[in-house]
Amino acid sequence: MVCARKTGKPDGAAIRTFAVRMVAPPLLGLLTAAAAQAGEPARNPFLADSPNNQSHWNDAATDSTPARVPRGHYCMTAAGAAIVPSDGLGIPAYGAKLGGKQVYWFFSGTALRKLHFVDGRFVEIDRRPIRQDLPGLVLLDDAARHRQFEAIRAFLSAGDEAGLAAYVAAQPNRLASAVEDQVDQGVLYSLFTRDHGFIGGNARGLVQIDNLDPADPSSRLGAPRYASLPPELFDDDRVRQGTFFARDAAFGMGMTFNGYLLVSTLGGRIATFDRTSLKQVATWTVPDPDELFTNGFATSEEAGGGAVYVASNRRMYRLVVLADGTISADPGRGAWSAEYDRGERLPVGKIADGTGSTPTLMGFGPGEDKLVVLTDGARKMRLVAFWRDGLPRDWRGRPGLRSPRIADQIEVDLGPEFPIVQSEQSVVVGGRTAFVMNSMLPPAEVKPYPGKGSFLRGLLLGATRPLPRGVAMFRWDPASDRWQSAWRRTDIGTVATVPFYSGGSRMVVLNGTIGSKPGGLYQLGLDARTGRLVMSIASGNDPRFNGAFTGVKADDDGSLLYTTMFGLIRFDVSHMKPARTMPGLELPRCD
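Just so you know, these numbers come straight off a predicted model, no measurement behind them.

(A) Representation of the packing of helix α2 (residues 142-158) against helix α3 (residues 161-169) within the structure. Contact geometry of α2 with α3 gives a least axis separation of 8 Å together with a crossing angle of 160 degrees. By the criterion of interaxial angle, the relationship of α2 to α3 is roughly antiparallel. As α2 packs across α3, the resulting crossing turns out to be left-handed. Of α3, the residues touching α2 (which contributes R147, Q148, A151, I152, F155 and L156) are G163, L164 and Y167. Across the contact of α2 with α3, the residue classes break down as six nonpolar, two polar and one charged.

(B) Quick look at the state of the cysteines. Overall, the coordinates contain one disulfide when judged by the stated rule. The disulfide partner of C75 is C590, and the gap between their sulfur atoms is 2.0 Å. Between C75 and C590 the sulfur-sulfur dihedral comes to about -95 degrees; the bridge is accordingly left-handed. On the criterion of sequence distance, the pair formed by C75 in strand β2 (residues 72-75) and C590 in the segment after β37 (585-589) is long-range, its members being 515 residues apart.

(C) Summary view of the environment of R238. Structurally, R238 is set in helix α5 (residues 236-242). Judged by relative accessible area, which is 13%, R238 ranks as buried. It is 6.9 Å that separates the C-alpha atoms of R238 and D290, two residues lying 52 residues apart in sequence. Once you skip the residues sitting within four places of it in the chain, R238 turns out to touch G267, V286, D288, P289, D290, E291 and L292. A polar contact is formed between the side chain of R238 and the backbone oxygen of D288, at a distance of 3.2 Å.

(D) View of the pattern of salt bridges. Within this structure, the stated rule accounts for 41 salt bridges. Between D527 and R529 there is a salt bridge, and its shortest N-O distance comes to 3.5 Å. Residue classification places R529 among the partly exposed positions, given a relative accessible area of 27%. The structure contains a network of salt bridges with shared partners spanning D288, D290, E291, R314, R315, E339, R342 and D353.

(E) Summary view of unusual backbone geometry. Positive phi, normally seen in glycine, also occurs at D63, with a value near 50 degrees. Looking at the element boundaries, D63 is found in the loop between α1 (25-37) and β1 (64-65). For D63, a relative accessible area of 2% puts it in the buried group.

(F) Main features of the packing of aromatic side chains. This model, assessed by the stated rule, comprises 20 aromatic pairs. Seen in terms of ring centroids, W387 and W395 are 5.3 Å apart; in terms of plane orientation they differ by 85 degrees. Their pairing is edge-to-face. Taking the relative accessible area as the measure of exposure, W387 reaches 3% and is therefore buried. Residue W395 is classed as buried on the basis of its relative accessible area of 11%. On the numbers, 6.0 Å between centres and 15 degrees between planes, the contact of Y562 with F571 is stacked. Assessed through its relative accessible area of 2%, F571 is described here as buried. Each member of the aromatic cluster is reached from another via a ring pair, and the members are W387, W395, W476 and W483. The side chain of R131 reaches across the aromatic face of Y226, ending 3.8 Å from its centre.

(G) Spotlight on α2. End to end, α2 covers 24 Å across 17 residues, agreeing with the expected 24 Å (1.5 Å per residue, within 8%). Of the surrounding secondary structure, the elements contacted by the buried residues of α2 are β3 (81-85), α3 and α7 (454-460).

What counts, and at which threshold
Residues numbered from 1 in each chain as written. Predicted model: local features only at pLDDT ≥ 70, side-chain atom pairs only at ≥ 80, totals over all residues. Heavy atoms only, no water. Axes fitted to C-alpha atoms, helices over the stretch in contact; angles between N-to-C directions. Helix = DSSP H or I, 4+ residues; strand = E, 2+ residues; numbered from the N terminus. Parallel < 35°, antiparallel > 145°, perpendicular 65-115°, else oblique. Left-handed = near helix turned anticlockwise from the far one by under 90°. Contact = heavy atoms within 4.5 Å. Nonpolar A, V, L, I, M, F, W, Y, C, P; charged D, E, K, R; others polar. Disulfide = S-S within 2.5 Å. Buried < 20%, exposed > 50% of the residue type's maximum accessible area, 1.4 Å probe, protein only. Polar contact = N/O pair within 3.5 Å; in protein donor to acceptor, adjacent residues only side chain to side chain. Salt bridge = Lys/Arg side-chain N within 4 Å of Asp/Glu carboxyl O. Phe/Tyr/Trp six-rings, centres within 6.5 Å; stacked < 30°, edge-to-face > 60°. Lys NZ or Arg CZ within 6 Å of the ring centre and 35° of its normal. Expected span 1.5 Å × (residues − 1).

Structure (C-alpha cells):
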C-alpha cells in the first residue's frame, strides 16, 4: 500500500523556558487540535469491549483512555480510597459493567479475585488460587496486611532503611521476593477476553480462568486451566549473555485481530497459541544470535488482522500472523523490519541494550499518519517514529537514519545535568502527542541497597531515596513529517510504573514526586499541552499507594484505579480533603 502526501516541508519547532518549558501559542493550538481530531485504536473483537483490556490498556499499547480524570489538588483521607489488600505483589486488574453492576477482576499475587463495587467499597464474589510452588509462603489476612503496611510506613517515615530491609526479609508472605515471585510464577502480562475471562502469563506458563456464566455479574469463576510453555521456546544462554536475567522467560502477551494468542520471550522468540485450548500453533525467531525481546508488543487490524509490532534490541519488526496461525516475516505478506540505534548496554537501569519501550501505535483516524513509535538505545534516547503501513509516495528516507522506515527521530534532551537519558517505560500516546520519561538516576545518586529484592527497592525510591527525574512531551507534525518538542520538566521524579494519558482531561497521569528530594509520593497530573501541574493527590509514605512495577490506570468514570505494591486501589476525590495552595509554590500543601 502506498499513500500520497506532500513531502519536503520545512521543519517547524518552538519551545520555551522554566522547569516546565512552555509551548509557543501556535503550537499550543495545534496540540489541542491534534488531540481532538485523532481517532481511537480499534477494539479487538476477541477481547473485552473496553478501553482497558490488557497490560498497556489496548492492542495499540497507547497507555491512554478517553475517560476524564478529575483535575484539582487533594490530600488523601481514610475515606478517599477503597482498598483490596494483595497477597504479595498483584499486578493486573480489569473492570466492566455487567447487568447494571460494576465488576472487577484482580490478580492478587496468588489468586484471581472477582469483586463488585458497592457503596464505595469492594465486595468479593469469588476467588480462584492458581498453581504455585513458593516455599514457606504464608498468606496473611487483611488485618495482618494492614499491620504490615503500617509497620513499613513507620520505617519509611523514620528513614530507617536497614530496619525496613530486615523487616521485609522476615515477612512470611515472601515480601522480599514478591516481584520476582510474580514474574516467575504469578502473572506478568495478561488479557481480558470478550467473555470477561482472564488469560495470564508468567515466566514459563499460561493460566486461563473464565466465568461460569459470562452474562451473570455474580457468576462464580471456573477452575483454572494451565499450559506449560514448551522448552524449545527458550534460550537461557542468550538471555544470560545479553541481560541481567539468569534465564529466559515469557515477557509479552497479546491477541491478534484474527484471533490468535501471542507470547514473546526474552530470548527473541514469538509464538502463536489457540486462544481456547492454549495449544501452541507456530513459532518465529529473530535472525541474529544477539537479538532479544525485552518488552511487550502491539497488535492491530492491519495485514488482515495479523499485524504484530515487536521490537528487538536492534530492529523494529512488523510480523504478520496468517489465517492458519503461522508467523510470517515476508514483505509480500505485509511484514517489514527496520534497524534503529541500539546504543550500548548500560551497567544499571536497563535490561539490555536497545529499546526499553514496548512499541506504541499512533494515528488511527481517517487521514492520520499511521506510525509505530519507541525510544531507542542511545545514551540520550531518541523518540523514533516508523511508518507502520505503506511508505508515503516518493519517500526516500531521511539522510543519516538507519532505515527508510524511520519517519523521524528526535533526541530526548533534558539538559547537561542528564548525560544519560533512558527509559524502561513505554511511550504514552494521546492523539499526536507522545510522552516519555527518564528512568535513569544520575550516577552520583546510585548507592547500594541494604537488602535484596526489587520489592525493597520499590519501597525506598521516592520515600527515602530520590527518584529518576525528567519527563518530556513531543508532538507529531503531519505537515512536515517531524517530531516537535512541546515541553519538558526536569523536576518530576517518577516511580517505575507506566503513566497514562487521559483524553477527556488532556492530562498525563503519573506516580512520583516534584523535586529531587524524597519524602513521599503523589499521583500527579500534567496538562498535555503545557506541562503544568493540574492534578495532585498527596499519599505520603503510605506504601499502599506506591504503584511501582505496575501501571497507573483509571476506571471508565475517571476514578484512578490501579494495583500498587499492596493491593488494588480505587480513588474517590469527592471524599478527599482539598489541598492548600501557596503563593509561589506549584504543588499545594496538605499540612
